[in-house]
There are 2 protein chains.
Amino acid sequence: MRKTCNLAEVAEFFKSNDCFGILTHQFPDGDTLGSAYGLCSMLQQLGKKARVLVNGGRPPKKFAYLEQLAQPQDFNVENYVSVDVADAKLLGELDVYAEQVKLAIDHHNTHKPFAWVYYVNPLASNCENIVELAGELNVTITKDIADALYTGIATDTGCFRYTNTTSKTHTIAAQLMDCGCDAAKINKAMFETVSKNKKALESYVIGNMEYFCDDKIAVAHTTKDILKKFNIPEDEVEGISAIPRTIEGVLIGVTIRQKNDTTYKISVRTNEGIDASAICSQLGGGGHKAAAGCAVDGTLQQAKEAVLAVAKKYIEEQ
Amino acid sequence: MRKTCNLAEVAEFFKSNDCFGILTHQFPDGDTLGSAYGLCSMLQQLGKKARVLVNGGRPPKKFAYLEQLAQPQDFNVENYVSVDVADAKLLGELDVYAEQVKLAIDHHNTHKPFAWVYYVNPLASNCENIVELAGELNVTITKDIADALYTGIATDTGCFRYTNTTSKTHTIAAQLMDCGCDAAKINKAMFETVSKNKKALESYVIGNMEYFCDDKIAVAHTTKDILKKFNIPEDEVEGISAIPRTIEGVLIGVTIRQKNDTTYKISVRTNEGIDASAICSQLGGGGHKAAAGCAVDGTLQQAKEAVLAVAKKYIEEQ
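Anyway, here's the lowdown on the structure attached to this text. (Residues numbered from 1 in each chain as written. Chains lettered and ligands numbered in written order. Predicted model: local features only at pLDDT ≥ 70, side-chain atom pairs only at ≥ 80, totals over all residues. Heavy atoms only, no water.)

### Observations regarding the interface of chain B and chain A
Each partner contributes residues to the interface: chain B has 39 residues there, and chain A has 39 residues. In total, chain B and chain A occlude about 3400 Å² of area from one another, counting both sides; carbon and sulfur atoms represent 57% of this. Together, B:Arg161, B:His170 and B:Lys196 form the three largest contributors to the area buried by chain B at its contact with chain A, with a combined 22%. Remark: the boundary between chain B and chain A carries six salt bridges. Its salt-bridge partner being A:Lys196, residue B:Asp215 comes within 3.2 Å of it at the nearest N-O pair. Viewed at the interface, chain A and chain B are joined by 18 residue pairs in polar contact (both at pLDDT 80 or more). Put simply, the parts of the chain that give the side of chain B that touches chain A at least two residues each are helix 5 (167–178), helix 6 (183–191) and helix 7 (196–207) of chain B. The biggest single contributor to the side of chain B that touches chain A is helix 5 of chain B, with seven residues. In the side of chain B that touches chain A, the residues fall into 15 nonpolar, 14 polar and ten charged. (Contact = heavy atoms within 4.5 Å. Buried area = accessible area lost by both parts, 1.4 Å probe. Salt bridge = Lys/Arg side-chain N within 4 Å of Asp/Glu carboxyl O. Polar contact = N/O pair within 3.5 Å; in protein donor to acceptor, adjacent residues only side chain to side chain. Helix = DSSP H or I, 4+ residues; strand = E, 2+ residues; numbered from the N terminus. Nonpolar A, V, L, I, M, F, W, Y, C, P; charged D, E, K, R; others polar.)

### Details of the environment of B:Arg2
Residues and elements named next belong to chain B. Position of Arg2 relative to the elements: it lies in the segment before strand 1 (3–4). For Arg2, a relative accessible area of 40% translates into the label partly exposed. Between the C-alpha atoms of Arg2 and Leu103, which are 101 residues apart in sequence, the distance is 9.7 Å. Reaching out from Arg2, the side chain makes a polar contact with the backbone oxygen of Phe114 at a distance of 2.8 Å. (Buried < 20%, exposed > 50% of the residue type's maximum accessible area, 1.4 Å probe, protein only.)

### Section: the pattern of salt bridges
Using the criterion set out here, one finds 16 salt bridges over all chains in the structure. Across the pair A:Lys61 and B:Glu248 runs a salt bridge, and its minimum N-O distance is 3.1 Å. Taken together, the positions of A:Lys61 in the loop between strand 3 (50–53) and strand 4 (79–83) and B:Glu248 in the loop between helix 8 (224–229) and strand 9 (252–260) put the pair across two chains.

### Structural notes on the side chain of A:Asp84
Residue and element names in this part refer to chain A. Among the structural elements, Asp84 can be located in the loop between strand 4 and strand 5 (101–106). Lys62 is the oppositely charged side chain nearest to the buried, salt-bridge-free Asp84, at an N-O distance of 14 Å. Here His107 takes part through its side chain, which lies 3.0 Å from a polar atom of the side chain of Asp84. If sequence neighbours within four positions are ignored, Asp84 has contacts with His25, Asp29, Asp31, Thr32, Ile105, Asp106, His107, His108 and Asn126. (Lys, Arg positive; Asp, Glu negative; His and termini not counted.)

### Details of the state of the cysteines
Residue and element names in this part refer to chain B. Throughout the structure, instances matching the rule amount to zero disulfides over all chains. With no disulfide of its own, Cys19 lies 12 Å from the sulfur of Cys40, the closest cysteine sulfur. Not engaged in a disulfide, the cysteine Cys181 finds its nearest cysteine sulfur in Cys179; these two sulfurs lie 8.2 Å apart. On the basis of relative accessibility, which here comes to 7%, the residue Cys181 falls in the buried class. (Disulfide = S-S within 2.5 Å.)

### Description of the sheet that holds strand 10 (residues 263–270) of chain B
Residue and element names in this part refer to chain B. Here six strands make up an open sheet; going across it, the order is 7-8-9-10-12-11 and the pairing mixed. The open sheet is flanked by strand 7 (210–212) and strand 11 (286–287), the only strands paired with a single partner. When strand 9 meets strand 10, the two strands line up antiparallel, connected through eight bridges. Note that in strand 10 the partner of Ile252 across the bridge is Thr270. (Pairing = 2+ DSSP bridges.)

### Quick word on the packing of aromatic side chains
Overall, the coordinates contain 13 aromatic pairs over all chains when judged by the stated rule. Look at A:Tyr150 and A:Phe160: their rings are 6.1 Å apart centre to centre, the planes differ by 55°, and that puts the pair in the tilted class. Linking A:Tyr150 in helix 4 (residues 143–156) with A:Phe160 in the loop between helix 4 and helix 5 (167–178), this pair joins segments that are ten residues apart in sequence. Cluster of aromatic residues (ring-pair linked, three or more members): A:Tyr150, A:Phe160, B:Tyr150 and B:Phe160. (Phe/Tyr/Trp six-rings, centres within 6.5 Å; stacked < 30°, edge-to-face > 60°.)

Put into C-alpha cells, the structure is as follows:
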C-alpha cells in the first residue's frame, strides 16, 4: 500500500536507514538535480552513504558544478528515494528501480504515487522541500548545498518571475543567501548564457516571425532543415516557443516545429486571459490556459493555416 | 550645513510636516518611481498631502500603473524630498527645486549630499529603504504600495539576478508578496515584453555579430541607418550591449554604436575576471571591471579595428 507521510517521518526515514540511491527524473533539470545533490550532501554530512543516479550517467554540462556535492562512496544501495519525480514513467532509464522506491519527495500537485511512501508538498520548487528537510534533519546548509538548492528554486520559478513564486520562495532564498550561495553566478549560468548556435537560431526565428490580426498573433517556426543549418539538436530547441508571446501587443504567440516529414508540433502561448487550451483543443490537442499544444499533419503551410484559422476566429470574437 | 540622519528621524520629518513634493531622477526608472509613488501613497494614508514630480510630467508608459497611487490633491508644496537621486545633477528639469530639497532618501553609496538632510542606506534598491520606512511610520503596505515597491526592487536587481541582491532583498520581497503584490504580472511587463521593432533589431544585431579569437570575443554593432531601418529611437537601444557577453564561451563582449557621423561609442562587457576598464582605458575611456566604455573617432571599421587590437592582445596575454 502506498501511503503519504509528513516531514518528520521523512527525516526519521533518513535517520534510521543508510545506503541511499537518490533517483532523478529524465531530462534532468535544475530542480531534480539540485534536490538530489543537495540531499546527497546532507546525508553524507550525517555520516550516511548516498549517491545520486542520473539519466545518462552524469548531469548536463550546465549543472556539472553540482556533482562535487556527492563524495564518491563504495556501497550497495539499500534504499532508493526519488526527488522531484511526479510519476514513475518519468524515471526514464532509471525505471528499473521504480518498484524499489521506498520514499518519493516531490512538489507536483499532479504527483501519481509510485513509491512505498510519498511526501508531496506543492511548493514552487522541490528544492524548497529539501531546505525544510534540512531543518528537520538538523544538518548545516553549507555553501555548496545552498548553491544546489538555490539552483532548483531559481530554475523552477524562472528566477522568481513565474506565478508559482510565493513569499515562502523568497524567504527560503534569503535563507540560502545567508548560507553563502552564489546566486549571481548561478543565475548568470542558468539564464544569461546561450550557445552561439542557439543564439543564431533565435535570431533567425525572430527575423522570420510573421504577424497577423494587427500584430495580435505572432507565428514563429522551425524545421528540420533550419535546425540542421544552425547545428542545433532537436532537444535544444526549448525556449523558442516562449519568444512570440514576449512581443508587445501579441495576444496569441504560436510556434510551429517540424516533428517529422509530415507532422508539425504547434505550441500556443497566450496573454491577457486568452485560452490557449481552447485553441489547441480544436486541433486535437490540449494544455493549460496560458500554454497549450497540438500536432497537425501536413506541410508547414498547412499547419500554419490550420492554427491561424482557429486563432484568428478567437481574436475576432473577442 | 548638510547632514545625515537615521530612519527614525526620516519618519519624524514626515510626521511633523505636510504638503510634500517627491522628486524623482531624470530618465526615471522603476526604483525612483516605485519609491516615489509608494512613499506618496503612504503619506496620503497618514492624512498628509503629497504628490510626485517626474521629469517629462508623467512616468514612461511601462510604469503608468504607478500613477494611481498618488491621489490628486490641491496644495502648494512646502517640503521637497528626493528619492533614489544620487546627485543634484540627476534631477534633470526638476533641478529648479535642488536648493529646496529638505530630505533625500537614497541607496547609492556614491550619493553626493545636496539635500538639507540625507538618509543613505546602500541596499540593493531604494524601494527597500521605503519598505523599512513604512515600518517606522507604521503605515499599512497596501497591494498597490507593494506593487510599486516590488517594481523598484525587481528592476534594480534584474529580478534578483545581479550581485547587489542580498538575503535582505529576498526577505523584503517576501514581505511585499505577503502584502499581495502581483510579482508575476510586474515581472512580465518589466522583463518579458519587447516591442516588435526592438525584437527585430535584436535579431538583426545577433545575426550580424562577429566572432574573433576562437569565439572568445564577440562584436555587435548598430548604426544610425540600422536604427532607422528598424524605427528604433536612439534612447531605446539600451539592452543591446548586454547581448555579446551572453554567448557561451565569450570572454569579451563588444558593442559598437554609432553616435554621429564620425564617432562610435564602444561598450565592453567581460566575463571571468577580464578587466573591461583596462581595455577601454587604452582607448581613452573607463568604467568598471565587468563593464566599461569609450568613444572612438573614425568609421565603424576603424572603431572595430581599434577595440579589437586591444581586446585580442588582452586575450593572447591570458
